[in-house]
Structure formats: structure tokens, C-alpha cells
Amino acid sequence: DARVTQTPRHKVTEMGQEVTMRCQPILGHNTVFWYRQTMMQGLELLAYFRNRAPLDDSGMPKDRFSAEMPDATLATLKIQPSEPRDSAVYFCASGSQDTYNEQFFGPGTRLTVL
Amino acid sequence: RKEVEQDPGPFNVPEGATVAFNCTYSNSASQSFFWYRQDCRKEPKLLMSVYSSGNEDGRFTAQLNRASQYISLLIRDSKLSDSATYLCVVNDDTGFQKLVFGTGTRLLVSP
């Protein structure tokens, strides 16, 4: 049963610390998305990659957030320095042309910045 | 104005009831439409795609009205297990597979 995996599942950190979240997309999926979900804003697209190349990161605060895909099996989202307003659930999702528009989501990383 | 707007609810219905959700979208060039389901503290999962001609999957019926730019989801014979948040999703025509999610409508089905 192919799934998107994310680590860590939960992260509590203090303001100013660096946070790195990792995602392993489903094998064979060539498109990877990073979302942030809060009660107020819902699901917001932060960035997405196709074939490891960044296509759109306009939803991401550039001064503190960065997203990379060092290889086809790993995507990372980094926040440095973290702020309390970054507290949210961060989801990674993957898809491919074979899945049309269906995106398969990972379980999310629940981030709390104190 | 948000690109995809939904009534947040919650909709409280008894088991066996029929319930309908609507959502509106602002981008008239959107081509693809979906309903995703999200259980409490879980990830969103695709419930069904929405086609221009309307489509049905068991107790679930989805419809699209392009002229009025709204999408609907009808759930018949509600089950306790239908309790979840239903996300209306629209494909942003500016990018392949780039989806825009509504904030969701919460459904609570009670015994």
C-alpha cells in the first residue's frame, strides 16, 4: 500500500530555532506539494515541484522558508528562524500525470512554535 | 474574496438524513473540480471528482454549475462514519495539478 510518509509527525520548538520537515513521496510520483493548514486559513499551497524542479513557491514566505528536493525520494521544507505564527500542520502530497489531479497526502507534521 | 468559498458549518444531521453542501469558485477558467474528505487530525483524501454532467458514487452525488460557478455535494442516507470535513477543491488553470482548497464544511452525523 503506497503512501506518502512525513517526519517528524509532531514537533515542538522554541521561537528562533530551525525546523526541518521531510517527506517521501509515493514511488513513481513526479509532482510533490507542500501545504500548510491552519484553522483560519485552511490549506494553503506553499510550494510544489515537478521532476524535482521547483515550479511555484509563491505561497511561501521567502525570508524564512525554503523547500528543496535533493532526490526523487526526499523533499524537505525548512523554516529558519521559526516564529509562533508558523504553528500549523504541514502536509506533503504527491501525484503524477497518471493520477491526473488526485493528490495523495502524507499524515502531516504538526508544528508548534513557542 | 477567496478563490473557493464554503460554508464552514457545522451541519448537524441525524443518521439517515440527506445533506447537501455547496461551494463557489471565482476563477471561471478552472477546469477540474473535486471533493476531498478530511477526518479529524488526519490528512485530506479524494472523495470524488466532479464532472460537468454530474456524477454519483453510491450515496454521494456531485454536481457542477459552470454558469454560476458553484459545485455541490449531496450525501444521502447519512452514516455516522460520514462525519468529517468536506473540502471543495478546484484546479487552478495556471498550473498542472495545482489545486486550490476551500476551508471545508464540517459535517456531524448523530445517532
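Look a little higher up for the structure.
Conventions and cut-offs
Residues numbered from 1 in each chain as written. Chains lettered and ligands numbered in written order. Predicted model: local features only at pLDDT ≥ 70, side-chain atom pairs only at ≥ 80, totals over all residues. Heavy atoms only, no water. Disulfide = S-S within 2.5 Å. Helix = DSSP H or I, 4+ residues; strand = E, 2+ residues; numbered from the N terminus. Buried < 20%, exposed > 50% of the residue type's maximum accessible area, 1.4 Å probe, protein only. Polar contact = N/O pair within 3.5 Å; in protein donor to acceptor, adjacent residues only side chain to side chain. Contact = heavy atoms within 4.5 Å. 1 Å grid on protein atoms, 1.4 Å probe; cavity = no way out; pocket = protein on both sides within 12 Å on 5 of 7 lines; lining within 4 Å. Points joined across faces, edges and corners; volume = space filled by probe spheres on them. Nonpolar A, V, L, I, M, F, W, Y, C, P; charged D, E, K, R; others polar. Salt bridge = Lys/Arg side-chain N within 4 Å of Asp/Glu carboxyl O.

J.: Describe the state of the cysteines, and please don't skip the residues or the numbers.
T.: Residues and elements named next belong to chain A. Summed over all chains, the structure comprises two disulfides over all chains. Linked covalently through their sulfurs, Cys23 and Cys92 form a disulfide whose S-S length is 1.9 Å. What sets the handedness of the Cys23 and Cys92 disulfide is the S-S torsion sign, and at about -55° it is left-handed. One end of the pair, Cys23, is in strand E3 (residues 19–24); the other, Cys92, is in strand E9 (residues 88–95), and 69 residues separate them in sequence. Note on accessibility: Cys23 and Cys92 belong to one class, buried.

J.: Please give an account of the side chain of Gln38 of chain B that cites residues and values.
T.: Position of Gln38 of chain B among the secondary structure elements: in strand E4 (residues 33–38). At 2.9 Å, the side chain of Gln38 of chain B and the side chain of Gln37 of chain A are in polar contact. Discounting chain neighbours no more than four positions away, the residues touching Gln38 of chain B are Gln37 and Phe91 of chain A together with Glu43, Pro44, Ala84, Thr85 and Leu87 of chain B.

J.: I'd like a description of empty space enclosed by the protein, backed by residues and values.
T.: Residues and elements named next belong to chain B. In the structure shown here, the tally under the stated rule is one cavity of 30 Å³ or more. What the largest cavity holds in volume is close to 40 Å³. Contributing to the lining of the largest cavity are Glu3, Val4, Tyr25, Ser26, Asn27, Ser30, Val90, Asn91, Asp92 and Val100. Looking at the lining of the largest cavity, its residues break down into four nonpolar, four polar and two charged.

J.: Let's hear about the interface of chain B and chain A: which residues, and what values?
T.: The partner chain A presents 25 residues to the 19 residues of chain B that form the contact. For the pair chain B and chain A, the interface holds one salt bridge. Ionic pairing is found between Lys98 of chain B and Asp56 of chain A, a salt bridge with its closest N-O pair at 2.7 Å. The set of elements that each furnish at least two residues to the side of chain B that touches chain A consists of E4, strand E5 (44–50), strand E9 (84–91) and strand E10 (99–101) of chain B. Examining the composition of the side of chain B that touches chain A, we find that three residues originate from one element, E4 of chain B, more than from any other. In terms of residue class, the side of chain B that touches chain A is built from eight nonpolar, six polar and five charged.

J.: Tell me about the environment of Arg106 of chain B, residues and numbers included.
T.: All names here are of chain B. Secondary-structure assignment places Arg106 in strand E11 (residues 105–110). Separated by 100 residues in sequence, Arg106 and Gln6 place their C-alpha atoms 10.0 Å apart. For Arg106, the contacting residues outside a window of four places in its chain are Pro8, Gly9, Pro10, Phe11, Ala84 and Thr85.

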